[in-house]
Structures are given as C-alpha cells and as structure tokens.
Amino acid sequence: MNYIKDLFDFLSAPTISFTLLTVAFPFIFPPTDWFDKKNKQWGIYKLWTNKGAFWIFMSITFFFIIGYFDPYFNLTMTKPDNIPIILMIYSMIFVIWLGMKKAYNNDARLDRGEKPEEWNDPDDKVLVWPDLVYIELIALILFMVFLIVWSILIGAPLEEPANPAATPNPSKAPWYFLGLQEMLVYFDPWLAGIIFPIFIIVGMMAIPYMDINKKGEGYYSFKERRVGYFIFMYGWMVLWVFLIVIGTFFRGPNWNFFGPFEWWDPHKVVPLTNVNLSEYVWVKLLNKGLPTNIIAREAVGFVAVIGYLFIMPLLLAKTKLKNLFEHYGPVRYSTLMLFGLTMFALPIKMYLRWLFNLKYIIAIPEWFFNI
Amino acid sequence: MAEKEKKESLLSRLGESQVWKSIIRSGVPRSRRQRMYAVLGNVFLHLHPARVPKHAVKIGYTWCMGGLSFFLFVVLTITGILLMFYYRPTVEYAYTDIIDLTEQVPLGIMRELHRWGAHAMVLTVWLHMLRVFMTGSYKPPREFNWGVGVLLMTITLFLSFTGYLLPWDQLAIWAVTVGTNMARAHPFIGHEGPGASLLAIGDINLVHMGSDVRFALLGGRFVGEATLLRFYVLHCIAVPFVAMIFMAVHFWRIRKDGGISGPL
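Residues numbered from 1 in each chain as written. Chains lettered and ligands numbered in written order. Predicted model: local features only at pLDDT ≥ 70, side-chain atom pairs only at ≥ 80, totals over all residues. Heavy atoms only, no water.

## Some points on the interface of chain A and chain B
Right, so step 1: Chain A puts 95 residues into the contact, and the matching count from chain B is 88 residues.
Right, so step 2: Summing the contributions of chain A and of chain B, the shared interface buries around 8400 Å²; its carbon and sulfur component is 74%.
Right, so step 3: Applying the counting rule to chain A against chain B returns four salt bridges.
Right, so step 4: On inspection of chain A and its partner chain B, the count reaches 38 residue pairs in polar contact (both at pLDDT 80 or more).
Right, so step 5: Secondary-structure elements contributing two or more residues to the side of chain A that touches chain B are helix H6 (83-111), strand E1 (125-127), helix H7 (128-153), helix H9 (189-205), helix H10 (207-210) and helix H11 (226-249) of chain A.
Right, so step 6: The element that contributes the greatest number of residues to the side of chain A that touches chain B is H7 of chain A, accounting for 17 residues.
Right, so step 7: Across three bridges, E1 of chain A lies against strand E1 (residues 51-53) of chain B in antiparallel orientation. Across the sheet, the residue bridging to Lys125 of chain A is Pro53 of chain B, located in E1 of chain B. (Contact = heavy atoms within 4.5 Å. Buried area = accessible area lost by both parts, 1.4 Å probe. Salt bridge = Lys/Arg side-chain N within 4 Å of Asp/Glu carboxyl O. Polar contact = N/O pair within 3.5 Å; in protein donor to acceptor, adjacent residues only side chain to side chain. Helix = DSSP H or I, 4+ residues; strand = E, 2+ residues; numbered from the N terminus. Pairing = 2+ DSSP bridges.)

Written out as structure tokens, the structure reads:
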C-alpha cells in the first residue's frame, strides 16, 4: 500500500502530472488526423463507452478511498469546503464523458448520412405544459433533497474568530480561485491576478466570434469541431480545473508542493534557485554585470515577449497559418492569436520554470513589471 | 351509471371555480389549446414558449444545469433573506451571530443550505457552460447570449466571494485577504501594479496604499470593519441586483435567439 501511495505522491507533482496530462490530452481529444489515428489505434476512444466510464469512476474512487483512510490526505479531503471540489471532479468528468459519448454517437450517425440524435421534425414539438414543467419540477425537488441531505450531513465550516494578527499557513483563496492562486507560482500578481482573469473573461466571451466553424450547432459532435474542442477542453480542464485540484490538494504550507499522502511539514525546505532571463544573458552568457539601464538590461526579455505575442503571429500568417489568416481576416486572426498565445503562455512559463529555473522573462521590479 | 360519470372530482370543480379562474386565468388545462394557454397566461411560465422541440425536454441534452442554476439563485435568495434576520455585519457581532445561528436555532440548516447551495451554484454554472460549449450552442445567433452567460458566471463567482467574508472567521478574512491582495497589483490603479508610479505629480504619488483600487474595494488598507460592511452590501444588494438584470437579458435572449439550440 505504501508503495502505491509513494507512486501517487510522485505522480501528482505538478511537473509530472501536468506533463502527463498535457501529453495525453491531444490523444484523448485528437485535434488532427494523426492524433485521431493514434486515438483509434490505441483504443482511447473507448473511454467514452460505458466500460470506460466504469474504469474512470473506479480509478477516481479508488484514489479517494485510499485517501480517506490515509491520515494525511484525510485532513485535506474531508475539509467541508473541499467537498465541492470532489463533487466537481466527479460531475465534471461525468458530463464530459456523457457529452463525448453522445458526440461519438452523433459522429457515427453523421458518417452514415443520418441526422444527429437530437434532431426532430420541427413540426413535431411537445407542449411545455406538462412535458417540460414536470421535468423541471422533478429536477428541482431532487436537487433540493440532495441539498438538504448535504446540509444535514455536513455542517458549514466555521473556524476561530477572525484574527488579523494570525496568518494561517497556507492562506488559500476560496476554492474556485485556487487555479488563479496556483498561477501565482509562475506569474506575478498583476498577470495572474488581474490580466489573466480579464483575458479569461473577455477571451471566453470572444469564443463565438473566433470560432467561425458553422458546423456542430445544437448537438453533441466531436469530429466536426475537434480543434475547438481540443483548445477549450485543454484550457478548461487542465489550465483551470486541474490547477484548482493542485491548489487544493497538493499545496501545503508556504504553497510548497506536497503529495496527497505526505504530511504538510511547515518546515519543508525548497531551494529558491530561480534566475531571471536577464541574469542568464548578462551574467552567465556574457560574463558581465547587469547594465544599469533598465531597458538595456531587459532587452532580451522584451524581444522574447514581443516576438512571441506579436511577431510570431505575423510570421505565421505569412507562412504556416496562411490559410487560416486568409480565412479569418486580420481582426479575427489577431484576436485569436492574442487570446490563444496568452493562454498557452501559462504552460510555456511553467515549463521554462521547471526546465531552466527561469524566474522572470522580463524582470523590472522597480516598476512592478515582471513577466 | 350515467349520472356517476357526470360527477366531477373535487379538484376539477375547484379548478372551474370563480376564485381559481380569477387567479390562474384558465381552468384546468385539458385540451391542447388550454395547455398552451396555461403557459402563455402565466407570468412565470411564459418564460417558456408554449411548445418546445422534443430534444429540449431530454435531460441528456441540457443536463438541466441552466435551470438548476436559476433555481439555486432563488434558493440562495430565500435562505439569504432568512439569514439576514439574524446577522449583523459588524466586526463586533458578525461571528457571534453565526455562532448564535448554529446554537440557538433548532434544527437550523439555513446557513448550510446557503453555503452548500452557493458552492453548488458555482458548479452548476460551470457545468451549464460546459454543456453549452459541447453542443456548440454559442454559435450564431447566440453569440451575445454566450457573452452574457460568461458575465453571469463571473458575477456568480463574485457573489460567492463576497459572501465568503461574512462569517468573519479565520477562513473568511484570510481567503478574502488573499483574493483582494491581487488588486494591489492592478496595472496603473493598484499601488503595487506596473505603471502606478507613473501617475504622480512631481514627487507625490497619486496611487498609493490609501488611494488605490484595493482601498476602494476594502474601504481601508486591510480587511476590516469597512470591508465587512462593503462586502455585505455587495453580497446582499448590489451584486444580486446586477445578476438579476443580466439574468433577465439572458433568459429573454434565449427566446429571441430562437429558443433552445438544436440541429437544423
């Protein structure tokens, strides 16, 4: 048993688990023909069958059962405010499974030249009274029962009275913001706490204007919208939901990483050996001191950021993404690139941190301008 | 035998009575026409069209998550109003009022209902969004309504966040401290944000700890008495008010954009 626990502890380190998820993701939601072929070859699509659901459900439950009997994980898991996260894990995965199952079903129907399952003769409608109202009534009664049982079984948490002088370690934001708090490891607050949330909101509002694929409206379908599905699912499930899970279960005192079955040792020592890009260039590469002029000091970082966000899309528009650019037009294309590249900046920065101990690409603490 | 059939049940006789008809406008809906009137003539039900496509009533298509989110909003409003009877938003009383609530109210689960309902609402809103994405229901002509939905999701999170402070325990103030600390770093208008130092006249900084956006949010330099009152007002009045306006638009636009999405 300890062997399994050690394995879980090892696997859940962000470096490992995030990498595994990121690598596995295009095979689970294949955005291109090649990935689709591999998906079929390795039978990954079988996840979206009843058997697949059984195994997904069993493995998550297995993890939580071991966790429940583990003295350390039990402490985190059974915190009343963490119950919603466990519900989130189950419900989120269940609805994705259900949606994907229906999507594959519909894809097969479309291949056979049939209409999607949801299609009905437009003239053949049902009456809202009673066909819809009674479903709504049943749904809300059942949900109310669920809520009442939940409320009776688990009391709302109430800790000691507020004390501004005693900072708990770790101090965590409400659970739905823990993804953002986890981003703070890799980005400064002005990005992780302000710019990224704004970009997430505006970027999500912009989805219907960036996705101009007319197919797949009003029914579950994967094949017709696979690139859109891949990007959205990666952003939602990995960069949001999974970061919440890390932030809740795997972050202990001083926001250090702890495996689920590890004791939250407040004295755990983690070396802070992160180096700025400017120090890499000026000190390590050129063997000089840092220049006093701020702009000269951070020039490489500025080139990298501007190159990534603005020059690269321009070059891509001329070369590899020429078709996309022509299809989308300049405004739509730049919006897509701005939001898309900002989103992928998060995993990129995470890997730069893990691989090269890179702290900031642009480091101007004098102006609070660190990227 | 024939006379027995003529006798109507008490329920349907009530349904035909003057009092009932004056309230509900139509009698017991029996025919197709009457059933349509039952929806059209009811201020709450006429949120729905009189008839919907068959797939719209299938739980596998909608997961019922949008409806449940609205239902939870109603549950939270009702339980919230009840909690307001007991709760005073001051540093002196807030915590003890919560203790009072747990210890003095027999079988009281109002706070539990409110708290778990709030967590559940965050989940149902997320699941609703996931469903809308997976069915491609944000595509034209529903782009605008997707945008309204994203804003409603943000509002839901903010509602939950402002409510998090009210118990005034360690969990509350430190979660809110961590959350609102982000506002320090707001570009230009947070005192530790990039560009804030540019907003200065000579040596006098316009954006400092006592004048930045975090100060406006907290009503002070740290989470204290003024913050509690501010979050209370935001939580009970201001944000629900905004949420209701957006919800009205959201529901109205569903109808205007052609009802529930579906394959053509």
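What follows continues from the structure just given.
## Concerning H6 of chain A
Right, so step 1: The end-to-end C-alpha separation of H6 of chain A is 42 Å, in line with the 42 Å expected for 29 residues at 1.5 Å each.
Right, so step 2: Among the residues trailing H6 of chain A, Gly113 of chain A stands out with phi positive, at a value near 80°. (Expected span 1.5 Å × (residues − 1).)

## Things to note about the packing of helix H14 (residues 299-318) of chain A against helix H16 (residues 330-356) of chain A
Residues and elements named next belong to chain A.
Right, so step 1: At a closest axis distance of 10 Å, the pairing of H14 and H16 adopts a crossing angle of 125°. Looking at the two axes, H14 sits oblique to H16. The element H14 and its partner H16 pack so that their crossing is right-handed. Contact residues: Tyr308, Leu309, Met312, Pro313, Leu316 and Ala317 in H14; Tyr333, Met337, Leu338, Leu341, Thr342, Phe344, Ala345 and Ile348 in H16.
Right, so step 2: In terms of residue class, the contact of H14 with H16 is made up of 13 nonpolar, one polar and no charged. (Axes fitted to C-alpha atoms, helices over the stretch in contact; angles between N-to-C directions. Parallel < 35°, antiparallel > 145°, perpendicular 65-115°, else oblique. Left-handed = near helix turned anticlockwise from the far one by under 90°. Nonpolar A, V, L, I, M, F, W, Y, C, P; charged D, E, K, R; others polar.)

## Details of unusual backbone geometry
All names here are of chain A.
Right, so step 1: Cis geometry is found at the peptide bond from Trp129 to Pro130, where omega equals 5°.
Right, so step 2: As for its position among the elements, Pro130 is in helix H7.
Right, so step 3: Note that the residue after Asn169, namely Pro170, is joined by a cis bond; omega there is 0°.
Right, so step 4: Within the element layout of this structure, Pro170 appears in the loop between H7 and helix H8 (178-183).

## Some remarks on the packing of aromatic side chains
Right, so step 1: Applying the stated rule across the entire model yields 56 aromatic pairs over all chains.
Right, so step 2: Measuring from centroid to centroid gives 5.5 Å for Phe177 of chain A and Phe161 of chain B, while their planes differ by 65°, and the two rings are edge-to-face. With Phe177 of chain A in the loop between H7 and H8 and Phe161 of chain B in helix H9 (residues 143-165), the pair connects residues from two separate chains. No difference in accessibility class separates Phe177 of chain A from Phe161 of chain B, as the two residues are buried.
Right, so step 3: On the numbers, 5.3 Å between centres and 90° between planes, the contact of Trp236 of chain A with Trp126 of chain B is edge-to-face. Within this pair, whereas Trp236 of chain A is found in helix H11, its partner Trp126 of chain B is found in helix H8 (residues 110-134), the two belonging to separate chains.
Right, so step 4: Here Trp236 of chain A falls in the buried class, since its relative accessible area comes to 6%.
Right, so step 5: For Trp126 of chain B, a relative accessible area of 1% translates into the label buried.
Right, so step 6: When the ring centre of Tyr93 of chain B is taken as reference, the NZ or CZ atom of Arg88 of chain B above it lies at 3.9 Å.
Right, so step 7: One cation-aromatic arrangement involves Arg115 of chain B over Tyr164 of chain B; the distance from NZ or CZ to the ring centre is 5.0 Å. (Phe/Tyr/Trp six-rings, centres within 6.5 Å; stacked < 30°, edge-to-face > 60°. Buried < 20%, exposed > 50% of the residue type's maximum accessible area, 1.4 Å probe, protein only. Lys NZ or Arg CZ within 6 Å of the ring centre and 35° of its normal.)

## Topic: a nonpolar patch on the surface
Right, so step 1: There is a patch of nonpolar side chains on the surface, built from Phe70, Val74, Ile78, Ile81, Leu82, Phe85 and Tyr86 of chain B and spanning about 660 Å² of accessible area.
Right, so step 2: Here Ile78 of chain B shows up in helix H6 (residues 65-84). (Patch = residues over 30% accessible without salt bridge, like charges linked within 9 Å, V, L, I, M, F, W, Y side chains within 5 Å. Areas by Shrake-Rupley, 256 points an atom, 1.4 Å probe, with all protein chains shown as cover.)

## Considering the domain arrangement of chain A
Residue and element names in this part refer to chain A.
Right, so step 1: Under the domain assignment used here, chain A contains domain 1 (2-119 + 129-156 + 172-255) and domain 2 (277-370).
Right, so step 2: Spacing between the C-alpha centres of domain 1 and domain 2 amounts to 29 Å.
Right, so step 3: At the junction of the two partners, domain 1 supplies 26 residues and domain 2 supplies 22 residues.
Right, so step 4: Our enumeration of links across domain 1 and domain 2 arrives at eight residue pairs in polar contact (both at pLDDT 80 or more).
Right, so step 5: Counting only elements with at least two residues in the side of domain 1 that touches domain 2, the list comes to helix H2 (14-28), H9, H10 and H11.
Right, so step 6: For the side of domain 1 that touches domain 2, the element with the most residues is H9, which contributes six residues.
Right, so step 7: Of the residues that constitute the side of domain 1 that touches domain 2, the class distribution is 19 nonpolar, five polar and two charged. (Domains from an automatic or database assignment.)

## Some thoughts on the environment of Pro53 of chain B
Right, so step 1: Tracing the chain through its elements places Pro53 of chain B in strand E1.
Right, so step 2: Residue class for Pro53 of chain B comes out partly exposed when judged on its relative accessible area of 23%.
Right, so step 3: Apart from residues lying up to four places away in sequence, Pro53 of chain B is in contact with Lys125 and Val126 of chain A together with Ile260 of chain B.

## Focus on the nonpolar core
Right, so step 1: Ranked by size, the top nonpolar core spans 135 residues in total, and within it Met88, Trp175 and Trp236 of chain A together with Trp126 of chain B carry the most contacts.
Right, so step 2: Sort the elements by how many residues they give to this core and H11 of chain A lands first, with 17 residues.
Right, so step 3: Taken together, domain 1 (2-119 + 129-156 + 172-255) and domain 2 (277-370) of chain A each give at least three residues to this core, which thus spans both.
Right, so step 4: Aside from chain neighbours lying at most four places away, what touches Trp236 of chain A is Met92 and Val241 of chain A together with Trp126, Met129 and Leu130 of chain B.
Right, so step 5: The next biggest cluster of nonpolar side chains, apart from the first, holds nine residues, and it includes Val126, Val128 and Val133 of chain A together with Leu45 of chain B. (Core = buried A, V, L, I, M, F, W, Y, C linked by side-chain atoms within 4.5 Å.)

## Description of the pattern of salt bridges
Working definition: two side chains of opposite charge can pair if their charged atoms are close together.
Right, so step 1: Here the structure, examined in full by the defined rule, presents 19 salt bridges over all chains.
Right, so step 2: The salt bridge involving Asp36 of chain A is made with Lys40 of chain A; its shortest N-O contact spans 3.2 Å. Note that Asp36 of chain A and Lys40 of chain A are positioned in helix H3 (residues 33-41) at a spacing of four residues, about one turn of the helix.
Right, so step 3: Of the charged contacts, one joins Lys21 of chain B and Glu16 of chain B as a salt bridge, the two residues approaching to 3.7 Å between their closest N and O atoms.
Right, so step 4: The exposure class assigned to Lys21 of chain B is partly exposed, which follows from its relative accessible area of 38%.
Right, so step 5: Residue classification places Glu16 of chain B among the partly exposed positions, given a relative accessible area of 34%.
Right, so step 6: Several salt bridges converge on common partners, so that one network encompasses Arg109, Arg112 and Glu114 of chain A.

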